[in-house]
Amino acid sequence: MGTIQLSGIGRSFRSTVAVGDIDLTIEDGGFVVLLGPSGCGKTTLLRMIAGLLEPTAGRILLDGDDITELPSKKRDLAMVFQSYALYPHLSVRKNLAFPLKVQRLSAAEIERRVEEVAESLEIGHLLERKPKELSGGQRQRVAVGRALVRNPKAFLMDEPLSNLDAKLRTQTRHELTALHRRLGATFVYVTHDQVEAMTMATKIVVLNAGRIEQYGTPEEVYDRPESVFVAGFLGSPAMNLIDARITTSDGEVAIEADGVTGRLWAGRSDDLDIVLGVRPEQVAVATAPLTGPGVRFAGRVEIVENLGGEQIVTCLVAGSRVFARTSRDLIVTPGQDVTLCVAVENVHLFDRDSGRRLVWVDDAEPAAVADTELAAV
Ligand SMILES: Nc1ncnc2c1ncn2[C@@H]1O[C@H](COP(=O)(O)OP(=O)(O)OP(=O)(O)O)[C@@H](O)[C@H]1O
Ligand SMILES: [Mg+2]
């Protein structure tokens, strides 16, 4: 078992609030990724769970037991650091054995566990080497191995792949995912890399300035971002975010923005400043004027970037850039006028003041689509 509950957890450094009032339940066996930009509080939060940093507010529970005051080494948790933190003067074998010696296990038991972990991570041939005689990837495995020998309730990892080159990162990512599946243990994993988060996590915590913006599965966070921040953080290129206004007349709602064709539906009774969001892969580029349902932008192609398997078409819409990810079969050239079209169900609306996602009355799918004229670019 390894259920971690955070209740009102906070940490301030003098006047800086690094983590503020976080409530979070990390379920047993989950692979939970703490994701967010530099300085948002990821490491601070992880170190509090590990017992390496005292919270200034709140409680931490592990399987229902309050461990807030428990020293780090008495918590049944193992941490893997970005720097690996191996003992340079000890061999790999002794590095792996170290946490078990601290636990005062018998020499035979230590030997057995070290061999077992070394074999599972394919580092058996490295046991007599010192850390400086290892590659970055091998050091990373030893650091994971040192956590593994303890057979903890949960693994806490702070950007463990950030020192590896791109190819090794991908390979190690796959290995960690397989390891998680094999062990069935709880993983709490810090990264600012959205690809790692999307591919490894069972759930993602998106952090911003010490607070949780959203907690959900990768699909929920990507497909239904709860805030402009989350929408703009995930995806490459990120979601297109355009200032607009919705206005109502006769029970129908229009989106008003320069270069954007209003699309209408019923369900709101007040006018509102909004941010309209569309994912680049959901923007279709048409070289002829379009009619019919959907939100349309009148744009002009600025750049076409060939990514090999697909292309990114950057368009100017009323002075702002809108990115479309399209098939390379689409032939467009810079300077060309185009119409960008997005299906109604793929449009995200956010309140511009609060940045929060707008939910329609009864959370119903927008219906009753009608058209208006294209506005001028
Ligand atoms: N010991 C400290 N003293 C003062 N401020 C600190 C201390 N440790 C962290 N902070 C501040 O707390 C905030 C969160 O830091 P933290 O290291 O948790 O960020 P992070 O999300 O891990 O960032 P990164 O991705 O750069 O590692 C930052 O503003 C940082 O400057
Ligand atoms: Mg950090």
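In the nomenclature of an unreviewed UniProt entry, the chain corresponds to ABC transporter ATP-binding protein from the organism Microbacterium esteraromaticum.

A. Representation of the nonpolar core in the model. In this structure, Leu176 and Tyr189 are the most contacted members of the largest nonpolar core, which totals 45 residues. Element by element, the count of residues in this core is highest for helix α4 (residues 136-148), at five residues. In this structure, leucine 176 is in contact with Phe31, Val144, Met157, Pro160, Leu161, Phe187, Tyr189 and Met200, ignoring residues within four places of it in sequence. Membership of the second largest hydrophobic core comes to 27 residues, among which are Leu6, Leu24, Ile26 and Leu207.

B. Just the sheet that holds strand β5 (residues 65-66), in detail. Strand order in the open sheet made by the four strands is β2-β1-β4-β5, with antiparallel pairing throughout. Strands with a single pairing partner mark the edges of an open sheet, and in this sheet they are β2 (16-26) and β5. As paired strands, strand β1 (residues 4-13) and strand β4 (residues 57-62) are joined by five bridges and run antiparallel to one another. Across the sheet, residue glutamine 5 finds its bridge partner in β4, namely leucine 61. Contacting β1, β2 and β4, helix α1 (residues 42-50) runs over the sheet at an angle of about 120° to β1.

C. Spotlight on the site of ligand 1. What surrounds ligand 1 is the set Phe13, Ala18, Pro37, Ser38, Gly39, Cys40, Gly41, Lys42, Thr43, Thr44 and Glu159. In this structure, an oxygen atom belonging to ligand 1 sits 2.5 Å away from a side-chain N or O atom of serine 38. Grouping the constituent residues of the shell around ligand 1 by class yields four nonpolar, five polar and two charged.

D. Geometry of the pattern of salt bridges. As enumerated under the stated definition, the model contains 19 salt bridges in all. With its nearest N and O atoms 3.2 Å apart, the salt bridge here joins arginine 169 to aspartate 193. A residue pair is termed long-range when its members are at least 10 positions apart, and arginine 169 in helix α5 (residues 166-183) and aspartate 193 in the loop between β8 (186-191) and α6 (194-200) qualify at 24 residues. In this structure, the salt-bridge partner of arginine 352 is aspartate 243, at a minimum N-O distance of 3.7 Å. On the criterion of sequence distance, the pair formed by arginine 352 in the segment after β21 (348-351) and aspartate 243 in strand β11 (residues 240-249) is long-range, its members being 109 residues apart. Ionic contacts of the salt-bridge type, sharing partners, join the residues Arg93, Glu111, Glu115 and Glu128 into one network.

E. The arrangement of the sheet that holds strand β7 (residues 154-158) in detail. The sheet built from six strands is open, its strands ordered β6-β7-β8-β3-β9-β10 with mixed pairing. Each end of this open sheet is capped by a strand with a single partner; those strands are β6 (77-80) and β10 (211-216). Across the sheet, the mean angle separating the axes of adjacent strands is 15° when strand polarity is ignored. Where strand β3 (residues 31-35) lies against β8, five bridges are found, and the strand directions are parallel. Across the sheet, residue phenylalanine 31 finds its bridge partner in β8, namely phenylalanine 187. Where α1 meets the sheet, its contacts fall on β3, β6, β7, β8 and β9 (203-208), and the angle it forms with β7 comes to roughly 150°. Across the sheet, α4 touches β6 and β7, and the angle it forms with β6 is around 170°.

F. Region of the structure containing α5. With 18 residues, α5 should cover 26 Å at 1.5 Å per step; its first-to-last C-alpha distance of 26 Å lies within 8% of that length. One or two steps after α5, the chain reaches glycine 184, where phi turns positive at roughly 70°.

G. Inspection of the layout of surface pockets at higher detail. Considering only enclosed or pocket space, the largest pocket measures out at about 590 Å³ in volume. What lines the largest pocket is a set of 22 residues, among which Ser72, Lys73, Leu77, Pro99 and Arg150 lie closest to the centre. Of the residues in the lining of the largest pocket, the class split is 14 nonpolar, two polar and six charged.

H. Seen up close, the packing of aromatic side chains. This model, assessed by the stated rule, comprises five aromatic pairs. Each ring, one from phenylalanine 155 and one from phenylalanine 187, has its centre 4.9 Å from the other, and the planes form 40°; the classification is tilted. You can see phenylalanine 155 sitting in strand β7 and its partner phenylalanine 187 sitting in strand β8, a full 32 residues away along the chain. Here phenylalanine 155 falls in the buried class, since its relative accessible area comes to 2%. The interplanar angle of 10° and the centroid separation of 5.8 Å between the aromatic rings of phenylalanine 229 and phenylalanine 233 together place this pair among those described as stacked. Separated by four residues within a single helix, phenylalanine 229 and phenylalanine 233 lie in helix α8 (residues 228-233), roughly one turn from each other. Here the basic side chain of lysine 203 rests over the ring of tyrosine 215, its NZ or CZ set 4.5 Å away from the ring centre. Cation over ring: arginine 279 sits above tyrosine 222, and NZ or CZ is 3.7 Å from the ring centre.

Parameters and conventions
- Residues numbered from 1 in each chain as written.
- Chains lettered and ligands numbered in written order.
- Predicted model: local features only at pLDDT ≥ 70, side-chain atom pairs only at ≥ 80, totals over all residues.
- Heavy atoms only, no water.
- Core = buried A, V, L, I, M, F, W, Y, C linked by side-chain atoms within 4.5 Å.
- Buried < 20%, exposed > 50% of the residue type's maximum accessible area, 1.4 Å probe, protein only.
- Helix = DSSP H or I, 4+ residues; strand = E, 2+ residues; numbered from the N terminus.
- Contact = heavy atoms within 4.5 Å.
- Pairing = 2+ DSSP bridges.
- Axes fitted to C-alpha atoms, helices over the stretch in contact; angles between N-to-C directions.
- Near = heavy atom within 4 Å.
- Polar contact = N/O pair within 3.5 Å; in protein donor to acceptor, adjacent residues only side chain to side chain.
- Nonpolar A, V, L, I, M, F, W, Y, C, P; charged D, E, K, R; others polar.
- Salt bridge = Lys/Arg side-chain N within 4 Å of Asp/Glu carboxyl O.
- Expected span 1.5 Å × (residues − 1).
- 1 Å grid on protein atoms, 1.4 Å probe; cavity = no way out; pocket = protein on both sides within 12 Å on 5 of 7 lines; lining within 4 Å.
- Points joined across faces, edges and corners; volume = space filled by probe spheres on them.
- Phe/Tyr/Trp six-rings, centres within 6.5 Å; stacked < 30°, edge-to-face > 60°.
- Lys NZ or Arg CZ within 6 Å of the ring centre and 35° of its normal.

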